[in-house]
Amino acid sequence: MSALAKNYNRRKISFKYGKGSFLYSTNGKKYLDFIQGIAVNCLGHSNPYLIKAINEQSKKLWHVSNAFVIPEGERLALRLVKKTFADSVIFQNSGAEATETAIKAARRYFYSIGKPKKNRILCVKNSFHGRTLATIFASGSKKMTEGFGPKVDGFDHFEFGNHQALKKSITTRTAAIMVETVMGEGGIKVIPDWCLKGLRKICNKEKILLILDEVQCGIGRSGNFFAFENSKIKPDIVPIAKGIGGGFPLGAVLMNQKVASGMTAGTHGSTFGGNPLAMSVGNAVLDQILKKGFLVNVKKLSKYFLSELNKLKREFPKVIKEVRGVGLLIGLQLHNDQTEFIQQLMNNELLTIRASENVVRILPPLNVKKQEIDMAIKIIKKVCLTQK
Ligand SMILES: Cc1ncc(COP(=O)(O)O)c(C=O)c1O
């Protein structure tokens, strides 16, 4: 009998330990883990560099309040600012907190310039920005909001890809457009670069802010540090989480100077956000991701993986409908419900996870080896053969 609430549909399996791309279960099996905590363990399990960083910090200082200067956090923020569009960072502990802080920052900016009624956020219908009250209503999904009323107001929605609807939904009350650069839970749907450019143009024209949620697709997962980089646009606010902590709970919101100017002392806070332990892990993750050649390798592995999956799609057109994704954020859209397929992959010791639209989500660590991709391809092919 579990004393845990039943809010998760857990698979009946647990693990003793993990190493790199593999998980070792309590029943003696070795699984190729292409979930990695849902795009969290960007450097795989038990990464020696991260272990060393957390061990060293844990002997010095775990936690102090944000009432004090935290040098590890100053360093991580400065590195993020140097690497990206941002001028300023607020640290949090999770993705939902980061997206919620992004919403707060957008509203606060307009308040600070004397436009407090400009406070509505325009989002994609059935997107995913987290599970807090505000972020479920931002997501505009009936499934996520049912039973959690009263509705948190302040969000409007448009259908993914419907540009006319998007333009029509902007009112004088709109403060920002918030989208995931790659819709993760929504089925690995990539917003094309031309579309990102269009979004930036609309935001400039309407004098509203652009929030790109990179909680799942950021920190190298796309093959670039941020998934929007190829489009050459600059967003105003970017919430991040998952990969930046490499398995340690860490989130952040990155902002340009204009937005950050509204977040004055006392406007936001978090007891744990940005504590020395989390910051030391975040810095260690960046040491690895920003190493020369690291992201080039992610792109190379992605190209190989996607081309092998497309070969399978051509071989099994009745099973695989579409190969989606960018970098190592990959979706295999099936013609039929994916539940049985994912179960069979697991029976063959490959772990993957679902996304909307019959998609099997494939999320290897960013330092996955080519042989491990080959192992996965072999297993996926084996399962396709049973479904023909
Ligand atoms: C795009 C996006 N935003 C926000 C979140 C929420 O993150 P968390 O579960 O850490 O609160 C997620 C989680 O999957 C996500 O994919």
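All of the points below concern the structure found in this document. (Residues numbered from 1 in each chain as written. Predicted model: local features only at pLDDT ≥ 70, side-chain atom pairs only at ≥ 80, totals over all residues. Heavy atoms only, no water.)

### What to know about the pattern of salt bridges
- Taken as a whole and assessed by the stated rule, the structure comprises 15 salt bridges.
- The salt bridge partner of Arg120 is Asp153, with a shortest N-O separation of 3.3 Å. One end of the pair, Arg120, is in strand β5 (residues 120-124); the other, Asp153, is in the loop between α6 (142-145) and β6 (155-158), and 33 residues separate them in sequence.
- You can call Arg120 buried: its relative accessible area is 14%. (Salt bridge = Lys/Arg side-chain N within 4 Å of Asp/Glu carboxyl O. Helix = DSSP H or I, 4+ residues; strand = E, 2+ residues; numbered from the N terminus. Buried < 20%, exposed > 50% of the residue type's maximum accessible area, 1.4 Å probe, protein only.)

### Some words on empty space enclosed by the protein
- Applying the stated criterion across every chain, the model contains 1 cavity of 30 Å³ or more.
- Roughly 30 Å³ of volume is contained in the largest cavity.
- For the largest cavity, the full set of lining residues is Ala39, Cys42, Val215, Gln216, Gly218, Ile219, Arg221, Lys242, Gly243 and Leu366.
- Looking at the lining of the largest cavity residue by residue, the classes come out as 5 nonpolar, 3 polar and 2 charged. (1 Å grid on protein atoms, 1.4 Å probe; cavity = no way out; pocket = protein on both sides within 12 Å on 5 of 7 lines; lining within 4 Å. Points joined across faces, edges and corners; volume = space filled by probe spheres on them. Nonpolar A, V, L, I, M, F, W, Y, C, P; charged D, E, K, R; others polar.)

### Brief notes about the sheet that holds strand β15 (residues 350-351)
- Taken in spatial order, the 4 strands line up as β1-β2-β3-β15 in an open sheet, and their pairing is mixed. Of all strands in the sheet, those bounded by a partner on one side alone are β1 (15-19) and β15.
- With 3 bridges joining them, strand β2 (residues 22-25) and strand β3 (residues 30-33) adopt antiparallel strand pairing. Note on β3: the bridge partner recorded for Leu23 is Tyr31. (Pairing = 2+ DSSP bridges.)

### Considerations on helix α8 (residues 193-206)
- The first and last C-alpha atoms of α8 sit 20 Å apart over 14 residues, in line with the 20 Å expected at 1.5 Å per residue.
- Buried residues belonging to α8 abut α7 (163-169), β7 (174-180) and β10 (209-213).
- Directly beyond the C-terminal end of α8, a positive phi value near 60° is found at Lys207. (Expected span 1.5 Å × (residues − 1). Contact = heavy atoms within 4.5 Å.)

### Description of unusual backbone geometry
- Following Gly149, the chain continues to Pro150 via a peptide bond in cis, the omega torsion being 0°.
- The phi dihedral of Ala39 is positive, around 60°, even though this residue is not glycine.
- Relative to the elements of secondary structure, Ala39 occurs in helix α1 (residues 36-39).
- Relative accessible area serves as the criterion here: at 3%, Ala39 is assigned to the buried category.
- A positive phi angle, near 60°, is found at Asn126, a position not held by glycine.
- Mapped onto the elements of the fold, Asn126 is located in the loop between β5 and α5 (133-139).
- Take Asn126: its relative accessible area is 44%, and that puts it in the partly exposed class.

### Section: the packing of aromatic side chains
- The final tally for this structure, using the stated rule, is 7 aromatic pairs.
- Geometrically, the ring pair formed by Tyr17 and Tyr24 is stacked, given 4.6 Å between the ring centres and 10° between the ring planes.
- Measuring from ring centre to ring centre gives 6.2 Å for Phe85 and Phe228, while their planes differ by 75°; the resulting arrangement is edge-to-face. Here Phe228 lies in the loop between β10 and β11 (237-240) and Phe85 lies in the loop between α3 (71-83) and β4 (88-92), a separation of 143 residues in the sequence. Phe228 carries the same exposure label as Phe85, and that label is buried.
- Chaining the aromatic ring pairs together yields one cluster made of Phe85, Phe225, Phe226 and Phe228.
- Across the ring face of Phe155, the terminal group of Arg107 is positioned such that the distance to the ring centre comes to 5.5 Å.
- Positioned above the aromatic ring of Phe110, the side-chain terminus of Lys118 is 5.6 Å from the ring centre. (Phe/Tyr/Trp six-rings, centres within 6.5 Å; stacked < 30°, edge-to-face > 60°. Lys NZ or Arg CZ within 6 Å of the ring centre and 35° of its normal.)

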